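Examination of the molecular architecture
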Amino acid sequence: MTLVGLSVALMGGCAAKQEQPATVARAEQLMTSNAAKRGDLVLRCEPSDAQVLLDGVEQGACSDFAGVSRSLRLNDSGFHQVVVKKRGFYPYTTYYEPSGARVTLKVKLRPLAPEGGGGSP
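Summary of the structure given here. (Residues numbered from 1 in each chain as written. Predicted model: local features only at pLDDT ≥ 70, side-chain atom pairs only at ≥ 80, totals over all residues. Heavy atoms only, no water.)

For the rest of this paragraph, the subject is the sheet that holds strand 4 (residues 72–74). The mixed open sheet is built from three strands, whose spatial order is 4-1-7. Two strands in the sheet have a free side with no partner beyond their single neighbour: strand 4 and strand 7 (102–108). In this sheet, neighbouring strand axes are inclined to one another by 25° on average, regardless of whether the strands run parallel or antiparallel. Bridge analysis of strand 1 (residues 39–46) against strand 7 gives seven bridges, and the strand direction is parallel. In the strand pairing of strand 7, Arg44 is matched with Lys106. (Pairing = 2+ DSSP bridges. Helix = DSSP H or I, 4+ residues; strand = E, 2+ residues; numbered from the N terminus. Axes fitted to C-alpha atoms, helices over the stretch in contact; angles between N-to-C directions.)

Below, the structure is given as structure tokens:
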């Protein structure tokens, strides 16, 4: 074995045995924990201008989160309260726990008063 071959064998052996497995294991651990904490909600609502609240904080109109590139992003693990509401309609409330996947939530708000008026004569 030549001097160059010996130095390559020694350097390659040390790095492969001590540093790489710990680095790879840590990277896999971070990716697993990060994937479990994130989640994206795509919202399809009727009416589309209903307001969206996440954990009690207004996020915008439902139409703001209607596309794949415009989803409601959840970066914290645990359950989150999602409320869709609009004046004149019953509010919709659900709870969502991020699972690392993109989920589409379809919401159709019901009017408070029956359509057609229904008033007394």
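Close approach of charged atoms allows side chains of opposite charge to pair. All told, the structure shown has three salt bridges when counted by the stated rule. We note a salt bridge from Arg73 to Asp40, for which the minimum N-O separation is 3.4 Å. Here Arg73 is found in strand 4, whereas its partner Asp40 is found in strand 1, with 33 residues between them in sequence. You can call Arg73 partly exposed: its relative accessible area is 40%. Across the salt bridge formed by Lys86 and Asp49, the nearest N and O atoms sit 2.8 Å from each other. Here Lys86 is found in the loop between strand 5 (80–85) and strand 6 (92–96), whereas its partner Asp49 is found in the loop between strand 1 and strand 2 (51–54), with 37 residues between them in sequence. Judged by its relative accessible area of 28%, Lys86 falls in the partly exposed class. In this structure Asp49 comes out as partly exposed when scored by relative accessible area, which is 41%. Through salt bridges that share partners, Asp40, Arg73 and Arg102 make up one connected network. (Salt bridge = Lys/Arg side-chain N within 4 Å of Asp/Glu carboxyl O. Buried < 20%, exposed > 50% of the residue type's maximum accessible area, 1.4 Å probe, protein only.)

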